Amino acid sequence: MVGETIANFESYVAVAIGLFAVALFAVMVHEKLDSSQQQQHRAANRQ
């Protein structure tokens, strides 16, 4: 059992790195969309 877990450790690391990359990308997209929405809201308030 322990030997199998150690043998599969590389796949767990690859999955963790992949999930981290996806989460980082999602945060960047969210920040960009939120920023553009705030700019549109400010522009609408000025008119």
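Residues numbered from 1 in each chain as written. Predicted model: local features only at pLDDT ≥ 70, side-chain atom pairs only at ≥ 80, totals over all residues. Heavy atoms only, no water.

Caption draft 1: Local environment of the overall build of the protein. Counting secondary structure elements, the protein contains two helices and zero strands. Here the protein holds 47 residues, and the buried ones make up 0% of them. With an accessible surface of roughly 4600 Å², the protein has 66% of that area assigned to carbon and sulfur atoms. (Helix = DSSP H or I, 4+ residues; strand = E, 2+ residues; numbered from the N terminus. Buried < 20%, exposed > 50% of the residue type's maximum accessible area, 1.4 Å probe, protein only. Areas by Shrake-Rupley, 256 points an atom, 1.4 Å probe, with all protein chains shown as cover.)

Caption draft 2: Molecular detail of a nonpolar patch on the surface. A contiguous nonpolar patch, built from F9, V13 and I17 and spanning about 290 Å² of accessible area, is present on the exposed surface. By the secondary structure assignment, F9 is in helix α2 (residues 9-46). (Patch = residues over 30% accessible without salt bridge, like charges linked within 9 Å, V, L, I, M, F, W, Y side chains within 5 Å. Salt bridge = Lys/Arg side-chain N within 4 Å of Asp/Glu carboxyl O.)

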